[in-house]
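So you can see what is in the structure, the chains are spelled out below.
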Amino acid sequence: MMVHSVPDEVESKDIEMASRSSSHRQTENYKSVYKVGLPPRRNFIREFSETLKETFFADDPLRPYKDQPRSRQLVLGLQFLFPVLEWGRSYNLSKFKGDVIAGLTIASLCIPQDIGYAKLVNLDAKYGLYSSFVPPLIYAVMGSSRDIAIGPVAVVSLLLGTLLQNEVDPENNKEDYRRLAFTATFFAGVTQAALGFLRLGFLIEFLSHAAIVGFMGGAAITIALQQLKGFLGIKKFTKNTDIISVMKSVWGSVHHGWNWQTIFIGTIFLAFLLSAKYIGKKNRKFFWVPAIAPLISVILSTFFVYITRADKHGVQIVKKIDRGLNPSSVSQIHFSGSYAAKGFRIGVVAGLIALTEAIAIGRTFASMKEYQLDGNKEMVALGTMNIVGSMTSCYVATGSFSRSAVNFMVGCQTSVSNIVMSMVVMLTLLVITPLFKYTPNAILSSIIISAVISLIDYEAAFLIWKVDKFDFIACMGAFFGVVFVDVEIGLLIAVSISLAKVLLQVTRPRTALLGNLPSTMVYRNIEQYPEATKVPGVLIVRVDSAIYFTNSNYVKERILRWLRDEEEQLRAKNLPQINFLIVEMSPVTDIDTSGIHAFEELYRNLQKREIQLVLANPGPVVIQKLHLAKFTELIGHDKIFLSVGEAAMTCTSKAREDS
């Protein structure tokens, strides 16, 4: 630890004062030829239309249509709705080979997963396969992502199943339950498509990354716990999803409900699946190993159960899966009545979560391949495929991260890989489904457990903890809400904490004290730059946010608190008091009438203390509103400066003149 003598400290202060005095002497006679300018006034209609454009059409989607003949505009419009018309012109045999290999690979992964995910929704296994047949075909024509693989996913399946069984018993009222599932899928699609057409995609941004990490992690644990029913061979299992109810159900069945043959099959193949995943992660050359491992597991376990007739010894099996393609379900959708209202509520929630997951996956792989993904176009595509899916016996489908990752690593070129996958699923529905009769439920549970483990992103959670503690609270709130209550509550907590963070930042914006960096005219936050020195007789405060009715009173009170604290420190040291308060307005992008009123109150408060209010560098929107409210006349045009440096120089010069 270094110890400075008193003479050294005095000498250091003398040098610092000399440096500042030199800087002020160099600029004392300087007068800026520039003043804070008023922007030209725009009429209300033009200003409103420009604001509307920036809100809903920030990407200027109509730009390609300008100065184009009607025929070309029609072609561009069709290409916008059906991107296949654009990339299809350059499609060739080389791309087709890559798509075929990718499609066959993700099909081997999706078929066993789809059968398992259908159980999460409390539907028969065939509905999981249906949902990987029709929706991928629609998306291949309308979607703009080259890499996303479409089908049922674990989190949305769990969410949908939980919300549906809260309304209808899936065991005693199978038909009503199935109809409500199709109704919810229809409204999920309508919600997604509407958000895209109305360009309201920014609404899904209210679910923060931290909240999504926590929600996905909690959902993964909940899904894994739900699989203990099939993994342990338990017949009577709780319908609740919270960890306490599940563990009570599991341990309550330990003496009379567990089946050792089922546990043996599940354990052996779960170890195999996790080993395959480890091999693929450790060596990227073997990425195909975890992709085909689920199908191999299904084939081997089914053969084992068939030759040993383990189903006669308590091993639960899939039993019959009806052969045939998706039947029409238009007549089963509720378009009115109480079930329609319930379906709408469930569909909106499931649709938004599905949309969030798909857009995140699409953007991730688009950035890797360096192409642009139109979020609103994706919403229309996803919405349309779910609307059509609801009419063809499908439940909510979206982008699957595990399958999309495999699709990307195998080398897919376009969304034709989804078509190839869909054709394989079609052949499965037409020919192979009877072979799944002896597939043990334990293997499906093992496949789902191995698939959802990757959703627990502890590295992301640790990074969130290091970077932003409030984000970590949102993450953990969503996580514990899902694990200890249910998926719906966890989602509600995630959204609530995300919105609370936004409201907190809006209502309590940051402010900072600024000081002068020695030998410069630069003023910076004294906490970030400890060497920055305060200007004698002048307090400089920066407001780091727009000033609205939600935070205007806080901003005023915080500035006065800065002033009070500074005056107390100066009084304790017998130093000259504050004569000028400079508010740095550069970060203030906007101000409303409440904000202006708060500044008027601040001005009057300072007048009583004989302190002059000075503004530095207000932006065009802010200065125009201050001018229209005649606040500039109230404080005086000579109290508004182009920069903090100019304002501080003028204030110190006046202070010397007055003294």
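Here's a quick rundown of the structure. No experiment lies behind these values; they were computed from the predicted model shown.

Brief notes about the overall build of the protein
Point 1. Broken down by element type, the protein carries 27 helices and 8 strands.
Point 2. Dimensions of the protein, computed from C-alpha atoms along their principal axes, come out at roughly 105 × 70 × 50 Å.
Point 3. Expressed as a percentage of the 659 residues in the protein, the buried residues total 50%.
Point 4. Long-range pairs, those at least 24 residues apart, make up 80% of the contacts in the protein with a sequence separation of at least 6.
Point 5. Accessible surface, the protein: about 32,600 Å² in total, of which carbon and sulfur atoms supply 61%.

Side note on the side chain of D242
Point 1. Mapped onto the secondary structure, D242 falls in the loop between α11 (228–232) and α12 (243–252).
Point 2. It is K248 that comes nearest to the buried, bridge-free D242 among opposite-charge side chains, at 7.6 Å.
Point 3. When sequence neighbours within four positions are dropped, the list of residues in contact with D242 reads V483, F484 and V485.

Structural notes on the nonpolar core
Point 1. The biggest cluster of nonpolar side chains holds 85 residues, and the ones touching the most others in it are I115, L160, L164, F215, I223 and I353.
Point 2. Residue contributions to this core peak at 9 residues, all from helix α5 (residues 93–120).
Point 3. Sequence-distant contacts of I223, that is, excluding residues within four places in its chain, are made with L120, A154, V155, L158, I448 and V452.
Point 4. Residues V555, L560, I591 and V622 belong to the second largest nonpolar core, which totals 32 residues.

Section: the pattern of salt bridges
Point 1. Summed over all chains, the structure comprises 18 salt bridges.
Point 2. The salt bridge partner of E167 is K342, with a shortest N-O separation of 3.7 Å. Linking E167 in the loop between α8 (154–165) and α9 (174–197) with K342 in helix α15 (residues 338–369), this pair joins segments that are 175 residues apart in sequence.
Point 3. Note that D638 is salt-bridged to K654, the shortest N-O span being 3.9 Å. In this pair, D638 is assigned in the loop between α26 (631–635) and β8 (640–641) and K654 in helix α27 (residues 644–658), connecting sequence segments 16 residues apart.
Point 4. A single network of salt bridges, built from pairs that share partners, joins E167, K342, R345 and E488.

Structural notes on the sheet that holds β8
Point 1. Taken together, the 6 strands give an open sheet; going across it, the order is β4-β3-β5-β6-β7-β8, and neighbouring strands pair in mixed fashion. A strand with exactly one partner marks an edge of an open sheet, and here the two such strands are β4 (523–525) and β8.
Point 2. Pairing analysis gives 3 bridges linking strand β3 (residues 511–516) to strand β5 (residues 538–543), with the strands arranged antiparallel. Paired with T511 across the two strands is V543, which belongs to β5.
Point 3. Here helix α23 (residues 552–572) sits on the sheet in contact with β3, β5 and β6 (580–584), set at roughly 150 degrees to β5.
Point 4. Along the sheet, helix α24 (residues 593–608) contacts β6 and β7 (612–616); its crossing angle with β7, the most-contacted strand, is approximately 140 degrees.

Things to note about helix α20 (residues 458–467)
Point 1. Of all the positions in α20, only A460, A461 and I464 are classed as buried. With its buried residues spanning 100 degrees around the axis, α20 presents them on a single face. Of the residues in α20, the exposed ones pointing more than 90 degrees away from the buried face are Y458, E459, F462 and K466.
Point 2. Summarising the contacts, the buried residues of α20 are in contact with α10 (209–226) and α21 (469–484).

A short note on unusual backbone geometry
Point 1. In the Ramachandran plot, R199 falls in the positive-phi region, its phi being about 55 degrees despite a non-glycine side chain.
Point 2. Within the secondary structure, R199 is located in the loop between α9 and α10.
Point 3. For R199, a relative accessible area of 8% translates into the label buried.
Point 4. Although it is not a glycine, E370 adopts a positive phi angle of roughly 60 degrees.

Examining the packing of aromatic side chains
Point 1. Summed over all chains, the structure comprises 15 aromatic pairs.
Point 2. Look at F186 and F187: their rings are 5.3 Å apart centre to centre, the planes differ by 75 degrees, and that puts the pair in the edge-to-face class.
Point 3. Judged by its relative accessible area of 14%, F187 is buried.
Point 4. Aromatic side chains F479 and F480 sit 5.2 Å apart centroid to centroid with 80 degrees between the ring planes, which places their arrangement in the edge-to-face category.
Point 5. Through pairs of rings, three or more aromatic residues link up here, namely F186, F187, F335 and F344.
Point 6. A cation over a ring is seen here: K342 above Y339, with NZ or CZ 5.2 Å from the ring centre.

Conventions adopted
- Residues numbered from 1 in each chain as written.
- Predicted model: local features only at pLDDT ≥ 70, side-chain atom pairs only at ≥ 80, totals over all residues.
- Heavy atoms only, no water.
- Helix = DSSP H or I, 4+ residues; strand = E, 2+ residues; numbered from the N terminus.
- Buried < 20%, exposed > 50% of the residue type's maximum accessible area, 1.4 Å probe, protein only.
- Contact = heavy atoms within 4.5 Å.
- Areas by Shrake-Rupley, 256 points an atom, 1.4 Å probe, with all protein chains shown as cover.
- Lys, Arg positive; Asp, Glu negative; His and termini not counted.
- Salt bridge = Lys/Arg side-chain N within 4 Å of Asp/Glu carboxyl O.
- Core = buried A, V, L, I, M, F, W, Y, C linked by side-chain atoms within 4.5 Å.
- Pairing = 2+ DSSP bridges.
- Axes fitted to C-alpha atoms, helices over the stretch in contact; angles between N-to-C directions.
- Arc of directions from axis to C-beta.
- Phe/Tyr/Trp six-rings, centres within 6.5 Å; stacked < 30°, edge-to-face > 60°.
- Lys NZ or Arg CZ within 6 Å of the ring centre and 35° of its normal.

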